[in-house]
Amino acid sequence: MGDPKLSISDSRTGQKYDIDIRQATVRAMDFRAIREDPEEFGMLVYDPGYTNTASCTSRITFIDGRKGILRYRGYPIEQLAEHCAYTEVAHLLLHGELPTQHELDAWNTEIMENSMLHENIKKFMDGFLYDAHPMGMMVSTVAALSTFYPDAKDIASKSNRYRQQVRLIGKMPTIAAYAYRKSQGYPYAYPDWDLGYSENLIHMLWNGTRRQPKPEQAQVLARALDTLFILHADHEQNCSTSTMRQVGSAHADPYVSLSAAATALYGPLHGGANEAVLTMLEEIGSMERIPEFIRQVKAGERRLMGFGHRVYKNYDPRARIIRRIADQVFEITGRNPKIDLARELERIALDDDYFVKRRLYPNVDFYSGIIYQAMGFAPEMFTVLFAIGRTVGWLAHWEELMNDPEKRIARPRQLYLGPDEQTLTPIEQRLGQAREKVS
Ligand code: ACO
């Protein structure tokens with residue numbers, strides 16, 4: 001048997017085509033040769049939401065959504081979450097391998113030395129209203145960094161790209177902490193280079209405030225944050241990572257590209273779901289109201305936020321790990337009663353035909369918000385924390401894109417359904433039906 005082929009027969013013309021199959025995948029461009037008339041453009045592949053389109057090759061993250069498997073560079077997420085610090089995993093994602101102790105020490109120093117923000121960022125932050133959403137502040141500030149580091153435009157230089165990547169990993173927690181302090185009316189706190197990545201974040205968030213945890217509590221909370229960041233670090237071609245690649249493909253610098261990716265994450269169907277879960281739990285309020293809520297979901301009146309996933313048609317392995325972290329955090333912070341509502345919702349949903357048939361399971365966002373709230377974060381901060389962890393994933397994909405010999409500017413096609421050529425009517429003769437025409 002020769003190379004595997006997909007044989008296609010076009011009933012319009014009677015023509016037959018043999019299309020190469022590699023790794024159970026065909027190249028969309030091979031379909032262009034299929035045409036009724038030689039003058040025609042050729043066959044397109046229609047795929048709204050890219051549900052069945054591989055937009056790139058990647059060596060970073062593997063997901064088997066049917067089996068509930070997630071691996072970074074081949075390492076199972078369960079092992080990474082249990083044994084590694086976040087910066088170790090960041091090294092793995094960006095550099096391709098886990099660091100030795102010596103490499104990790106140098107990597108940590110490099111990241112922490114890049115955690116400081118230019119003083120002008122404070123003035124920039126001051127311009128936001130007191131009730132500005134921290135995610136809006138974060139995406140704007142990351143984009144603004146592009147003006148502070150114009151050298152970032154030299155994306156052809158590997159060493160230059162690396163300088164910006166370390167800057168971003170170092171500065172994201174500081175931006176997050178500034179956004180939080182601004183929203184609370186607290187003075188900004190500078191990073192402490194002697195602390196670990198998540199310990200420093202806790203320091204910048206709460207130092208000198210009534211929420212400042214005792215040192216032994218800070219350690220437990222830092223470990224929990226580290227684990228949450230590991231779970232959020234990458235998830236292959238999700239909406240925000242695809243945005244990073246899409247914007248990056250136009251050779252925009254990494255700050256504006258990452259700001260665009262974080263903006264996609266902000267959406268309630270993506271990283272904003274953890275905030276939406278909390279709002280939903282608050283609205284449900286008590287166990288007695290769960291059945292009515294489930295009825296509304298099944299009637300299509302609303303969604304059970306934190307449930308369902310484009311890729312996972314099984315239990316999201318990250319949700320399983322997060323459930324465990326919750327208990328460790330509650331030992332320090334006290335139990336968040338919303339966990340009982342969430343577990344009951346999960347219990348009912350996993351037993352209900354509507355959810356079972358559609359393979360809807362809790363995703364990473366179902367429990368993370370409850371932990372963040374127990375730690376003292378307002379729901380508006382949840383996606384900001386997600387973005388800190390995901391930064392390295394976005395950057396690893398951006399770096400992979402920059403090295404991809406098949407890289408081209410991302411530019412999908414469309415299936416045009418609008419009117420054929422029309423003749424322009426002079427303005428005084430137009431009937432003003434534009435609104436009715438656009439659906
Ligand atoms: N609650 C109720 N029904 C749901 C839910 C849900 N959370 N998710 C999907 N469904 C139903 C849909 O109504 C649809 O039913 P139908 O076949 O009767 O029409 C079916 O399941 C398939 O749903 P789709 O919307 O086609 O699935 P898709 O893959 O496009 O969407 C998504 C995935 C956006 C995550 C969806 O499940 C959802 O909206 N979930 C809630 C938001 C959420 O938690 N997002 C976080 C995802 S994780 C992350 O981004 C970090």
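Procedures and definitions
Residues numbered from 1 in each chain as written. Predicted model: local features only at pLDDT ≥ 70, side-chain atom pairs only at ≥ 80, totals over all residues. Heavy atoms only, no water. Helix = DSSP H or I, 4+ residues; strand = E, 2+ residues; numbered from the N terminus. Rg over C-alpha atoms; globule rule 2.2 N^0.38 Å. Buried < 20%, exposed > 50% of the residue type's maximum accessible area, 1.4 Å probe, protein only. Contact = heavy atoms within 4.5 Å. Lys, Arg positive; Asp, Glu negative; His and termini not counted. Charge placed at Lys NZ, Arg CZ, Asp CG, Glu CD. Core = buried A, V, L, I, M, F, W, Y, C linked by side-chain atoms within 4.5 Å. Domains from an automatic or database assignment. Salt bridge = Lys/Arg side-chain N within 4 Å of Asp/Glu carboxyl O.

1. Brief notes about the overall build of the chain
Here is step 1: Regarding its fold elements, the chain presents 18 helices and five strands.
Here is step 2: Taken over C-alpha atoms, the radius of gyration comes to 24 Å for the chain, in line with the 22 Å a tight globule of 439 residues would show.
Here is step 3: Counting only C-alpha atoms, the chain reaches 75 × 70 × 60 Å along its principal axes.
Here is step 4: Looking at the chain as a whole, 47% of its 439 residues are labelled buried.
Here is step 5: The contacts of the chain with a sequence gap of at least 6 include a subset with a gap of at least 24, amounting to 70%.
Here is step 6: Seen as two clouds, the 53 positive and the 57 negative side-chain charges of the chain have centres 2 Å apart.

2. Examining the nonpolar core
Grouped burial of nonpolar side chains is what soluble globular proteins tend to show.
Here is step 1: In terms of nonpolar packing, the biggest core is built from 115 residues, with Tyr72, Met138, Met280, Leu304, Leu345 and Met375 touching the most fellow members.
Here is step 2: Within the second largest apolar cluster, five residues are counted, among which are Ile8, Tyr17, Ile19 and Ile34.

3. Observations concerning the domain arrangement of the chain
Here is step 1: In terms of domains, the chain is made up of domain 1 (5-46) and domain 2 (59-395).
Here is step 2: For domain 1 and domain 2, the distance between their C-alpha centres works out to 42 Å.

4. Re the pattern of salt bridges
Here is step 1: Inspection of the entire model under this criterion finds 24 salt bridges.
Here is step 2: With its nearest N and O atoms 3.9 Å apart, the salt bridge here joins Arg343 to Asp327. Note that Arg343 is positioned in helix H14 (residues 338-350) and Asp327 in helix H13 (residues 317-333), a separation of 16 residues in sequence.
Here is step 3: Relative accessible area serves as the criterion here: at 37%, Asp327 is assigned to the partly exposed category.
Here is step 4: Put simply, Lys5, Asp20 and Arg22 are held in one network by salt bridges that share partners.

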